[in-house]
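In case you want the letters, here they are:
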Amino acid sequence: MTGYTMLRNGGVGNGGQTCMLRWSNRIRLPWLSFTLFIILVIFPLIAHYYLTTLDEADEAGKRIFGPRAGHELCEIKHVLDLCRIRESVSEELLQLEAKRQELNSEIAKLNLKIEACKKSIENAKQDLLQLKNVISQTEHSYKELMAQNQPRLSLPIRLLPEKDDVGLPPPKVTRGCRLHNCFDYSRCPLTSGFPVYVYDSDQSAFGSDLDPLVKQAFQATARANVYVTENADIACLYVILVGELQEPVVLRPADLEKQLYSLPHWRTDGHNHVIINLSRKSDTQNLLYNVSTGRAMVAQSTFYAAQYRPGFDLVVSPLVHAMSEPNFMEIPPQVPVKRKYLFTFQGEKIESLRSSLQEARSFEEEMEGDPPADYDDRIIATLKAVQDSKLDQVLVEFTCKNQPKPSLPTEWALCGEREDRLELLKLSTFALIITPGDPHLVISSGCATRLFEALEVGAVPVVLGEQVQLPYQDMLQWNEAALVVPKPRVTEVHFLLRSLSDSDLLAMRRQGRFLWETYFSTADSIFNTVLAMVRTRIQIPAAPIREEVAAEIPHRSGKAAGTDPNMADNGDLDLGPVETEPPYASPKYLRNFTLTVTDFYRSWNSAPGPFHLFPHTPFDPVLPSEAKFLGSGTGFRPIGGGAGGSGKEFQAALGGNVPREQFTVVMLTYEREEVLMNSLERLNGLPYLNKVVVVWNSPKLPSEDLLWPDIGVPIMVVRTEKNSLNNRFLPWNEIETEAVLSIDDDAHLRHDEIMFGFRVWREARDRIVGFPGRYHAWDIPHQSWLYNSNYSCELSMVLTGAAFFHKYYAYLYSYVMPQAIRDMVDEYINCEDIAMNFLVSHITRKPPIKVTSRWTFRCPGCPQALSHDDSHFHERHKCINFFVKVYGYMPLLYTQFRVDSVLFKTRLPHDKTKCFKFI
């Protein structure tokens, strides 16, 4: 403090110090400002100048602070890489800029082209719209011209009869009844549909006396019949059941006649009535004997000549299986042809037994006198002589071991129980049926029962007595299934039976099996046959058969399908020009009201079966008339169809081919959407294609966002009730063509292969025409049939995973083929293709046709199918053996025939023109 004080006071000299301090305080602030200016401004300028001067004065190689040239910097090692990168980037930037300018130029040009294309599209749309209008006008003009030159007759207005019609004038005698004088045609117009009214058996006066099984079976089949109506006022035919009666009920003729005349629609004389008396036993009462039936038809199994009116009354078969279906497993096979016994007979005739034990006169002695009324004695002696000769093993017994069944006078009574008789007939090649000795008894229940049992087990009937009236004789050609020999030729029967060849014998056995299953076997078949007999006589066509109504699954379409490159790749096939037509359905019902006249006997006795029993189909497959339907299978004949057919019919059609014919693809699928979409896209642009029906076999619906391809033809997605391979062959109403291409969703076929297969099918419409061939073989060690898919020089099946067939067979498969076969297909989820091959070969007696040389058609990369399972082949072995038991024989036929195009692997000179016409 002292020093500081002294300093402030000037120290020693207070006056000097004070002045000094005052002066320093005045100059301190400017001095500090000037010092800072020199330090911050002047000194840096001086330093910069000095350094610059120093750098210019030094040698060039020793400069440190001065700027250097670019090539001198690159001499530094770590800078060289940066220099190269800079130069490369500069060059790339220059190139990208050039490309950008070039792309901008191209974009501008493309924009101009797009605008031009848009204008062209608009112009093309306008042209297309004009062309569509022109086509529509042309089609309309064409239809008008066709209507003027070929008018289609519409169905006439249905005229319903009056409730109380006047009736017809009575015939002179009751036995003189025929259709022209005892049947009222005015109640049955051609377009009436043949309505049938069935009286309720429970409400009839004698309904309580009927056999319960017969009544129940009759009512069940009547309810299910397509012709039965509940409106009696519009009925064409009236049906009443009067028998068989329960035991021990006996109905007097007068009481029965009174009850018949009291029926509400009897109309005094019973015209247009059918009285049915079904028999379950061999001694069924002849209820209608001595009963005045007026103008009513009588259908029963026993007739005397005094009551039978030929061409008017009907001889029906006995109702053996009342409420049960035949068991195919118990029916013996049709092969081998020859059985243990050449022929057999068991029976007893009480009235003539005494004379049979006496020594009979010679045949010549009998003929010298009056002709004998009964040849039974001569028959007994002759058959015993054949049995004693030991030339062939035969069995004849004229005395029953047990009590014989009740029978009519002069009739041979049945021996033993039905099961015992069937066991003997299973060992018999022929079954003798001796008609009653009374010439006035034209048919009896006992004879009809013998005929039924013989046909059931495949023993060819040999009827001794040409005067007999066999069931449905005026419709069926019994000479194809049985031998009818006059009794005077009994001595030649043995020679006649030995002279038959094995092929003729097998044909008769198959035809007999067909007649039994179609007309005799069940209550349905008997009732349907009775109605069909009447309907065919009055020339009314059958009703249309039921089709499966397709329940469509809604789906979105619009996905553009690319053109299949396989369309242009024809391989070794050269098929010539291709017709391009819009979807065109096959003509239907062109022969509705004429086929009942033109194909009368063919339809009842030969392929493809008796159309009269069941409703007809809209298409006519035009099967060859010589092809017999020989067993289980068809029950109807189709009506109508397009032009052409097989063989001559096809070639004789206008232009040599069926004009504008197309086919429908039926594709079965199960939850394989990607595979399905690929298969559908491959059908784009396929010629002859009318429509695609996708059978969706899964309970799970397709994905909602699934976009279906647009292939130029309609795609119908059908929902099924259950997952069944039988759905592949349902006759969907959406199938509007006769030709059906059944194809798997993973089958990969070229367009030319499909086209060629279709063209071949058009010339063989009654057969399966396809691609994958298989065959059956006999396993000697196991004595059974095997399914074989190996390469072979012969085949007997064409798999329906890629095959053409007629829609007619879809009706047969779904409605007529034995249900046991379809049940096995559902059980194994397999064998539906084998079942279809069995059916077609069974009907036509022809093998399928394989086209092209390819053997497999699976698409690469597709998921595995059911056929890849290890158990697949074992199941198919079982299926074949089961189907053989159902049919009674092996219907498949071998063939070494394969069809290829005319120019298959043909080398043609370059100056030669190939096909210009269809093959």
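Our structure is the block above this text.
Along every chain, residues carry numbers that run from 1 in the direction the sequence is written. Thresholds applied to this predicted model are a pLDDT of at least 70 for local features of residues and 80 or more for the giving and counting of side-chain atom pairs; totals over whole chains, interfaces and linings are not thresholded and use all residues. The side-chain values count all of the structure's non-hydrogen atoms but skip hydrogen atoms and water molecules.

Notes on the nonpolar core
One recurring pattern in soluble globular proteins is that nonpolar side chains are buried together. As a reminder, the rule being used: What we call a nonpolar core is a set of buried Ala, Val, Leu, Ile, Met, Phe, Trp, Tyr and Cys residues that are connected through their side-chain atoms within 4.5 Å. Burial classes: relative accessible area under 20% of the type maximum marks a residue as buried, over 50% as exposed, and values in between as partly exposed (1.4 Å probe, protein chains only).
One finds Phe-194, Val-239, Ile-276 and Phe-883 to be the most contacted residues of the largest nonpolar core, which totals 136 residues. Ranked by size, the runner-up nonpolar core spans 39 residues in total, among them Tyr-688, Val-717, Leu-741 and Phe-771.

Examining the pairing of strand β24 (residues 802–806)
To be explicit about the condition: Only DSSP runs of H or I covering at least 4 residues are called helices, and only runs of E covering at least 2 are called strands; the numbering of each starts at the N terminus. At least two DSSP bridges between two strands are required for those strands to pair.
Of all five residues in β24, five are buried; the element is thus mostly enclosed. With burial as the criterion, each face of β24 is covered, one bearing Ala-802, Phe-804 and His-806 and the other bearing Ala-803 and Phe-805. Judged from the five bridges that link them, strand β19 (residues 739–744) and β24 form a sheet pairing that is antiparallel. If you follow Ile-743 over to β24, its bridge partner there is Ala-802. Here strand β20 (residues 769–770) pairs with β24 via two bridges, running antiparallel. Looking at β24, one finds that Val-769 is bridged to Phe-804.

What to know about the packing of helix α21 (residues 807–816) against helix α23 (residues 832–844)
Rules: Axis definition: a line fitted to C-alpha atoms, limited for helices to the stretch in contact. Angles are taken between N-to-C directions and run from 0 to 180 degrees. The cut-offs work like this: below 35 degrees is roughly parallel, past 145 is roughly antiparallel, 65 to 115 is roughly perpendicular, and the gaps in between are oblique. Contact definition: two residues touch when any of their heavy atoms are within 4.5 Å.
At their nearest, the axes of α21 and α23 sit 11 Å apart, and the two run at 110 degrees to each other. Judged on the interaxial angle alone, α23 and α21 are roughly perpendicular. Only Glu-832, Ala-835, Met-836, Leu-839, Val-840, Ile-843 and Thr-844 of α23 make contact with α21, whose side of the interface consists of Tyr-809, Leu-812 and Tyr-813.

Topic: α23
Residue pairs spaced three or four apart in an α-helix point in one direction, given the helix's 3.6 residues per turn. The condition is simple: Any helix carries an expected span of 1.5 Å times its number of residues minus one.
With 13 residues, α23 should reach 18 Å at 1.5 Å per residue; the first-to-last C-alpha distance of 19 Å fits that figure. A large share of α23 lies buried, amounting to 13 of its 13 residues.

Overview of the state of the cysteines
For clarity, the threshold we go by: In plain terms, two cysteine sulfur atoms within 2.5 Å form what is called a disulfide here.
Here the structure, examined in full by the defined rule, presents four disulfides. Disulfide pairing places Cys-177 opposite Cys-182 at an S-S distance of 2.0 Å. Between Cys-177 and Cys-182, the S-S dihedral sits near -80 degrees, and the bridge is therefore left-handed. Cys-182 gets classed as buried once you look at its relative accessible area, which sits at 0%. Paired by a disulfide, Cys-400 and Cys-415 hold their sulfur atoms 1.7 Å apart. Residues Cys-400 and Cys-415 are joined through a disulfide that is left-handed, its torsion about the S-S bond being -70 degrees. Here the residue Cys-400 occupies a position in the loop between β8 (395–397) and α11 (418–426), and Cys-415 occupies one in the loop between β8 and α11, the gap between them amounting to 15 residues. Considered together, Cys-400 and Cys-415 belong to a single accessibility category, that of buried residues.

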